[in-house]
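A structural walkthrough
Spelled out from the first residue to the last, the chains are:
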Amino acid sequence: MKASGTKPRKEPCSREYDFALVLEGIADLNDNVMNRLFDAGCDDATFSMRYGRVFAEFSREAESYSQALLSAISAVRAAGVGAEVLRVNTCDLVTPADIARRIDRSRELVSQYISGDRGPGKFPPPECFLTDDKPLWMWCAVSYWLAENSLIRP
(Lines give C-alpha, C1' and ligand atoms only; values in the text may rest on other atoms or scores of the structure.)
Protein backbone atom coordinates (compact mmCIF):
# COMPACT_ATOMS: atom_id res chain seq x y z
CA MET A 1 0.00 0.00 0.00
CA LYS A 2 1.31 3.46 -0.89
CA ALA A 3 1.89 6.06 1.72
CA SER A 4 -0.23 9.13 1.20
CA GLY A 5 1.47 11.89 -0.73
CA THR A 6 3.88 9.60 -2.62
CA LYS A 7 3.89 9.66 -6.37
CA PRO A 8 3.25 6.47 -8.33
CA ARG A 9 6.43 5.07 -9.83
CA LYS A 10 6.63 5.44 -13.59
CA GLU A 11 7.64 2.37 -15.52
CA PRO A 12 10.24 2.95 -18.24
CA CYS A 13 8.78 3.11 -21.71
CA SER A 14 10.81 1.80 -24.63
CA ARG A 15 10.27 2.76 -28.23
CA GLU A 16 12.12 2.31 -31.50
CA TYR A 17 14.58 4.92 -32.73
CA ASP A 18 15.88 5.02 -36.31
CA PHE A 19 19.30 6.50 -37.03
CA ALA A 20 22.42 5.81 -39.06
CA LEU A 21 26.03 5.68 -37.96
CA VAL A 22 28.76 6.43 -40.48
CA LEU A 23 31.75 4.20 -39.72
CA GLU A 24 35.41 4.21 -40.66
CA GLY A 25 38.06 1.55 -40.22
CA ILE A 26 36.25 -1.23 -42.08
CA ALA A 27 37.56 -1.94 -45.57
CA ASP A 28 35.12 -4.72 -46.44
CA LEU A 29 31.78 -5.97 -45.12
CA ASN A 30 32.77 -9.64 -45.36
CA ASP A 31 31.09 -12.50 -43.45
CA ASN A 32 33.57 -12.35 -40.57
CA VAL A 33 32.98 -8.61 -40.01
CA MET A 34 29.21 -8.96 -40.32
CA ASN A 35 29.09 -11.92 -37.92
CA ARG A 36 31.17 -10.08 -35.32
CA LEU A 37 28.97 -6.97 -35.59
CA PHE A 38 25.85 -9.11 -35.28
CA ASP A 39 27.22 -11.02 -32.28
CA ALA A 40 28.22 -7.75 -30.57
CA GLY A 41 24.61 -6.55 -30.62
CA CYS A 42 24.22 -4.88 -34.02
CA ASP A 43 21.52 -7.34 -35.09
CA ASP A 44 19.06 -4.46 -35.44
CA ALA A 45 21.16 -2.68 -38.07
CA THR A 46 21.44 -2.86 -41.84
CA PHE A 47 24.98 -2.33 -43.10
CA SER A 48 25.98 -0.96 -46.48
CA MET A 49 29.13 0.40 -48.09
CA ARG A 50 28.78 3.71 -49.95
CA TYR A 51 31.58 5.88 -51.29
CA GLY A 52 34.15 3.94 -49.27
CA ARG A 53 32.29 4.40 -45.98
CA VAL A 54 30.22 1.93 -44.02
CA PHE A 55 26.72 3.02 -43.06
CA ALA A 56 24.94 1.22 -40.23
CA GLU A 57 21.22 1.99 -40.27
CA PHE A 58 19.77 1.08 -36.88
CA SER A 59 16.21 0.62 -35.72
CA ARG A 60 16.92 0.28 -31.99
CA GLU A 61 14.54 -0.06 -29.08
CA ALA A 62 15.44 1.99 -26.00
CA GLU A 63 14.01 4.33 -23.39
CA SER A 64 15.52 7.40 -25.11
CA TYR A 65 17.20 8.45 -28.33
CA SER A 66 20.52 9.03 -26.54
CA GLN A 67 20.35 5.60 -24.91
CA ALA A 68 19.67 3.98 -28.29
CA LEU A 69 22.51 5.89 -29.92
CA LEU A 70 25.06 5.22 -27.18
CA SER A 71 24.23 1.51 -27.01
CA ALA A 72 24.63 1.20 -30.80
CA ILE A 73 28.02 2.96 -30.68
CA SER A 74 29.13 0.66 -27.85
CA ALA A 75 28.02 -2.41 -29.82
CA VAL A 76 29.95 -1.30 -32.91
CA ARG A 77 33.10 -0.80 -30.84
CA ALA A 78 32.60 -4.09 -28.95
CA ALA A 79 32.62 -6.03 -32.23
CA GLY A 80 36.40 -5.56 -32.38
CA VAL A 81 36.51 -5.13 -36.15
CA GLY A 82 38.40 -1.81 -36.07
CA ALA A 83 35.27 0.25 -36.67
CA GLU A 84 34.99 3.74 -35.25
CA VAL A 85 31.97 5.99 -35.52
CA LEU A 86 32.80 8.94 -37.72
CA ARG A 87 29.42 10.63 -37.24
CA VAL A 88 25.73 10.15 -36.73
CA ASN A 89 23.98 10.66 -40.04
CA THR A 90 21.25 13.19 -39.25
CA CYS A 91 20.03 13.56 -42.81
CA ASP A 92 17.07 11.22 -42.93
CA LEU A 93 15.77 11.76 -46.44
CA VAL A 94 14.15 8.71 -48.02
CA THR A 95 13.11 7.56 -51.47
CA PRO A 96 9.96 5.51 -52.08
CA ALA A 97 12.20 2.41 -52.17
CA ASP A 98 13.67 3.35 -48.76
CA ILE A 99 10.17 3.79 -47.35
CA ALA A 100 9.09 0.39 -48.71
CA ARG A 101 12.15 -1.28 -47.16
CA ARG A 102 11.63 0.36 -43.78
CA ILE A 103 7.98 -0.66 -43.52
CA ASP A 104 8.46 -4.04 -45.20
CA ARG A 105 5.97 -3.34 -47.96
CA SER A 106 6.23 -3.22 -51.74
CA ARG A 107 7.43 -0.16 -53.65
CA GLU A 108 4.18 -0.32 -55.61
CA LEU A 109 2.12 0.05 -52.42
CA VAL A 110 4.26 3.01 -51.31
CA SER A 111 3.77 4.62 -54.74
CA GLN A 112 0.02 4.18 -54.30
CA TYR A 113 0.17 5.84 -50.88
CA ILE A 114 2.10 8.74 -52.41
CA SER A 115 -0.34 9.16 -55.31
CA GLY A 116 -3.39 8.75 -53.06
CA ASP A 117 -4.64 5.68 -54.95
CA ARG A 118 -4.47 3.69 -51.68
CA GLY A 119 -4.60 4.67 -48.06
CA PRO A 120 -6.26 7.71 -46.52
CA GLY A 121 -4.64 10.29 -48.82
CA LYS A 122 -2.72 13.43 -47.93
CA PHE A 123 0.70 11.74 -48.00
CA PRO A 124 3.37 14.25 -46.88
CA PRO A 125 4.88 16.30 -49.69
CA PRO A 126 8.49 15.68 -50.73
CA GLU A 127 11.11 17.66 -48.85
CA CYS A 128 13.32 18.14 -51.90
CA PHE A 129 14.23 16.66 -55.28
CA LEU A 130 17.50 15.11 -56.46
CA THR A 131 16.24 15.76 -59.98
CA ASP A 132 12.82 16.76 -61.30
CA ASP A 133 11.60 13.16 -61.15
CA LYS A 134 13.47 11.99 -58.01
CA PRO A 135 11.66 13.30 -54.90
CA LEU A 136 12.92 12.75 -51.36
CA TRP A 137 10.81 12.72 -48.21
CA MET A 138 11.72 13.31 -44.57
CA TRP A 139 11.40 9.95 -42.83
CA CYS A 140 9.97 11.55 -39.67
CA ALA A 141 7.07 13.07 -41.68
CA VAL A 142 6.41 9.80 -43.53
CA SER A 143 6.59 7.62 -40.41
CA TYR A 144 4.28 10.03 -38.56
CA TRP A 145 1.74 9.86 -41.42
CA LEU A 146 1.97 6.05 -41.50
CA ALA A 147 1.49 5.77 -37.73
CA GLU A 148 -1.34 8.33 -37.62
CA ASN A 149 -3.18 6.33 -40.26
CA SER A 150 -2.55 2.98 -38.51
CA LEU A 151 -0.42 1.70 -41.37
CA ILE A 152 2.52 1.01 -39.01
CA ARG A 153 2.70 0.88 -35.24
CA PRO A 154 3.77 4.14 -33.60
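See the structure above.
Okay, so let's go over this structure. (Residues numbered from 1 in each chain as written. Predicted model: local features only at pLDDT ≥ 70, side-chain atom pairs only at ≥ 80, totals over all residues. Heavy atoms only, no water.)

Counting residues in each nonpolar core, the largest one holds 24 residues, and the members touching the most others are Phe19, Leu21, Leu23, Phe47 and Phe58. Secondary structure elements with two or more residues in this core: strand E1 (15-24), helix H1 (31-39), strand E2 (45-50), strand E3 (53-62) and helix H2 (65-78). Here the element with the most residues in this core is H2; it accounts for 6 residues. Leave out the neighbours within four places in its chain, and Phe19 touches Ala56, Glu57, Phe58, Arg60, Tyr65, Ala68, Leu69 and Ala72. Of all hydrophobic cores here, the second largest spans 13 residues; its members include Ile99, Ile103, Val110 and Trp137. (Core = buried A, V, L, I, M, F, W, Y, C linked by side-chain atoms within 4.5 Å. Buried < 20%, exposed > 50% of the residue type's maximum accessible area, 1.4 Å probe, protein only. Helix = DSSP H or I, 4+ residues; strand = E, 2+ residues; numbered from the N terminus. Contact = heavy atoms within 4.5 Å.)

Right, let's talk about the side chain of Arg60 for a bit. Within the fold, Arg60 resides in strand E3. The exposure class assigned to Arg60 is buried, which follows from its relative accessible area of 8%. There is a polar contact of 2.6 Å between the side chain of Arg60 and the backbone oxygen of Gly41. In this structure Arg60 touches Arg15, Glu16, Tyr17, Phe19, Gly41, Cys42, Asp44, Ala68, Ser71, Ala72 and Ala75, once residues within four positions along its chain are discounted. (Polar contact = N/O pair within 3.5 Å; in protein donor to acceptor, adjacent residues only side chain to side chain.)

Right, let's talk about helix H3 (residues 96-103) for a bit. Buried within H3 are the following residues: Ile99, Ala100 and Ile103. Burial along H3 is one-sided: seen end-on, the buried residues are contained in an arc of 100 degrees. Looking at the buried positions of H3, the neighbouring elements they touch are strand E5 (93-94), helix H4 (107-115) and helix H5 (139-148). Within two residues after H3, Asp104 carries a phi angle of roughly 55 degrees, on the positive side. (Arc of directions from axis to C-beta.)

Moving on to the packing of H3 against H5. Following both chains from N to C, one finds H3 and H5 inclined at 50 degrees, their axes separated by 12 Å at the closest point. As judged from the angle between their axes, H3 and H5 are oblique. H3 and H5 meet at a crossing whose hand is right-handed. In this structure, H3 contributes Ile99, Arg102 and Ile103 to the contact, and H5 contributes Trp139, Val142 and Leu146. In the contact of H3 with H5, the residues fall into 5 nonpolar, no polar and 1 charged. (Axes fitted to C-alpha atoms, helices over the stretch in contact; angles between N-to-C directions. Parallel < 35°, antiparallel > 145°, perpendicular 65-115°, else oblique. Left-handed = near helix turned anticlockwise from the far one by under 90°. Nonpolar A, V, L, I, M, F, W, Y, C, P; charged D, E, K, R; others polar.)

Another point: the pattern of salt bridges. One pass over the structure, following the stated rule, counts 6 salt bridges. The partner of Arg53 in a salt bridge is Glu24, and the shortest N-O contact between them spans 3.9 Å. With a gap of 29 residues between them, Arg53 in strand E3 and Glu24 in strand E1 connect regions that are remote in the sequence. Residue classification places Arg53 among the partly exposed positions, given a relative accessible area of 32%. Note that Arg102 and Glu57 form a salt bridge whose closest N and O atoms lie 3.7 Å from each other. Of the two residues, Arg102 is situated in helix H3 and Glu57 in strand E3; the sequence distance between them amounts to 45 residues. Taking the relative accessible area as the measure of exposure, Arg102 reaches 28% and is therefore partly exposed. (Salt bridge = Lys/Arg side-chain N within 4 Å of Asp/Glu carboxyl O.)

In short, geometric facts, not functional conclusions.
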